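Results of the structural survey
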Amino acid sequence: MGSGIIDELSFLLHSFLLGIGMIIFYDIFRILRRLIPHKSVCISVEDMVYWIVCAVLIFLMLYNENDGIIRWFAVAGMTGGMFLYNWTISSYVTGGITWILQIIMKVICLIMGVFGKPFLYLYGKCDKIGNYTWRKVTKHCVRKKKGLKKKLRTLKIYILRH
């Protein structure tokens, strides 16, 4: 084979792999959406970021491989790579990774629950002690204030008589 055909096949393979990479990148968003519920505004922003990043990657690939000239077989290679990955193993990959991350999140929540209960218990006790102390201090301050008012009144009377 001639070097021109090998270069074209290499370009086609790179565009095919870029298509697969773009879908793998989108799978990250799919996994995040399964783990954390998103509103439609957030989904729109994520999709916009995805397509901007993909456009830059496509431009860079075309610029480096083919001097920026758009070749339709490169577009077909990217599309083929995207469809092939998406229709074959994408659902298994996203489902498996989501399942693993959900298990990890449950384990972390369980560990935090086990180790967090003593802290919550202590917080509750400290809160009760703090409230009790605050009430006692407040009552004491009110009594002292009343006593000081009586003494001040007595002092005023004493000063005004003399």
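Rules of the game
Residues numbered from 1 in each chain as written. Predicted model: local features only at pLDDT ≥ 70, side-chain atom pairs only at ≥ 80, totals over all residues. Heavy atoms only, no water. Helix = DSSP H or I, 4+ residues; strand = E, 2+ residues; numbered from the N terminus. Rg over C-alpha atoms; globule rule 2.2 N^0.38 Å. Buried < 20%, exposed > 50% of the residue type's maximum accessible area, 1.4 Å probe, protein only. Contact = heavy atoms within 4.5 Å. Areas by Shrake-Rupley, 256 points an atom, 1.4 Å probe, with all protein chains shown as cover. Lys, Arg positive; Asp, Glu negative; His and termini not counted. Charge placed at Lys NZ, Arg CZ, Asp CG, Glu CD. Salt bridge = Lys/Arg side-chain N within 4 Å of Asp/Glu carboxyl O. Phe/Tyr/Trp six-rings, centres within 6.5 Å; stacked < 30°, edge-to-face > 60°. Axes fitted to C-alpha atoms, helices over the stretch in contact; angles between N-to-C directions. Parallel < 35°, antiparallel > 145°, perpendicular 65-115°, else oblique. Left-handed = near helix turned anticlockwise from the far one by under 90°. Polar contact = N/O pair within 3.5 Å; in protein donor to acceptor, adjacent residues only side chain to side chain. Disulfide = S-S within 2.5 Å.

1. Details of the overall build of the protein chain
The helix and strand inventory of the protein chain stands at four helices and zero strands. Compactness check: the protein chain gives a C-alpha radius of gyration of 35 Å against a globular reference of 15 Å for 162 residues, more than 25% above the reference. In the protein chain, buried positions account for 18% of the 162 residues. A fraction of 79% describes how many contacts in the protein chain between residues 6 or more apart in sequence connect residues 24 or more apart. When the accessible surface of the protein chain is summed, it comes to about 12900 Å², and 73% of that surface belongs to carbon and sulfur atoms. In the protein chain, the 22 positive side-chain charges and the 8 negative ones have mean positions that sit 52 Å from each other.

2. A few points about the pattern of salt bridges
Considering all chains together, one arrives at three salt bridges under this definition. Of the charged contacts in the structure, one is a salt bridge between Arg30 and Asp27, with a shortest N-O distance of 2.9 Å. Note that Arg30 and Asp27 are positioned in helix 1 (residues 3-35) at a spacing of three residues, about one turn of the helix. The partner of Arg33 in a salt bridge is Asp47, and the shortest N-O contact between them spans 2.8 Å.

3. A word on the environment of Phe119
Here Phe119 shows up in helix 4 (residues 90-161). Residues Phe119 and Tyr92, spaced 27 residues apart in sequence, show a C-alpha to C-alpha distance of 40 Å.

4. Points about the packing of aromatic side chains
For any two aromatic rings, the description comes down to two numbers: the centre-to-centre distance and the angle of the planes. Scanning the entire structure with this criterion turns up nine aromatic pairs. Ring geometry for Tyr50 versus Trp51: centroids 5.0 Å apart, planes at 75°, classification edge-to-face. Judged by relative accessible area, which is 49%, Trp51 ranks as partly exposed. Here the aromatic residues Phe25, Tyr26, Phe29, Tyr50 and Trp51 are joined through ring pairs into a cluster of three or more.

5. Re the packing of helix 1 against helix 2 (residues 40-66)
Axes are the key here: two packed helices are described by the angle between their axes and the distance separating the axes. Interhelical geometry of helix 1 versus helix 2 gives an angle of 165° and a closest axis separation of 11 Å. With respect to helix 2, the axis of helix 1 lies roughly antiparallel. With respect to the hand of their crossing, helix 1 and helix 2 are arranged in right-handed fashion. Where helix 1 approaches helix 2, its residues Phe11, His14, Ser15, Leu18, Met22, Ile23, Phe25, Tyr26, Phe29 and Arg33 are matched on the opposing element by Ile43, Glu46, Asp47, Tyr50, Val53, Cys54, Leu57, Ile58, Met61, Leu62, Glu65 and Asn66.

6. A few points about the side chain of Arg33
With respect to the helices and strands, the residue Arg33 is situated in helix 1. Here the side chain of Arg33 touches Tyr26 through a polar contact of 3.0 Å, side chain to side chain. A distance of 2.8 Å separates a polar atom in the side chain of Arg33 from a polar atom in the side chain of Asp47. Leaving out residues up to four positions away in the same chain, Arg33 has contacts with Tyr26, His38, Ile43, Glu46 and Asp47.

7. With respect to the side chain of Glu46
Along the chain, Glu46 turns up in helix 2. Taking relative accessible area as the criterion, Glu46 reaches 14% and is therefore assigned buried. Here the side chain of Glu46 touches His38 through a polar contact of 2.7 Å, side chain to side chain. With residues up to four places along the chain from it excluded, the contact list for Glu46 reads Phe29, Arg33 and His38.

8. Section: the state of the cysteines
Under the criterion given, the structure shown has zero disulfides. This cysteine, Cys42, is not joined by any disulfide, and Cys54 carries the nearest cysteine sulfur, 19 Å off. Of the residues examined, Cys42 reaches a relative accessible area of 41% and is grouped as partly exposed.

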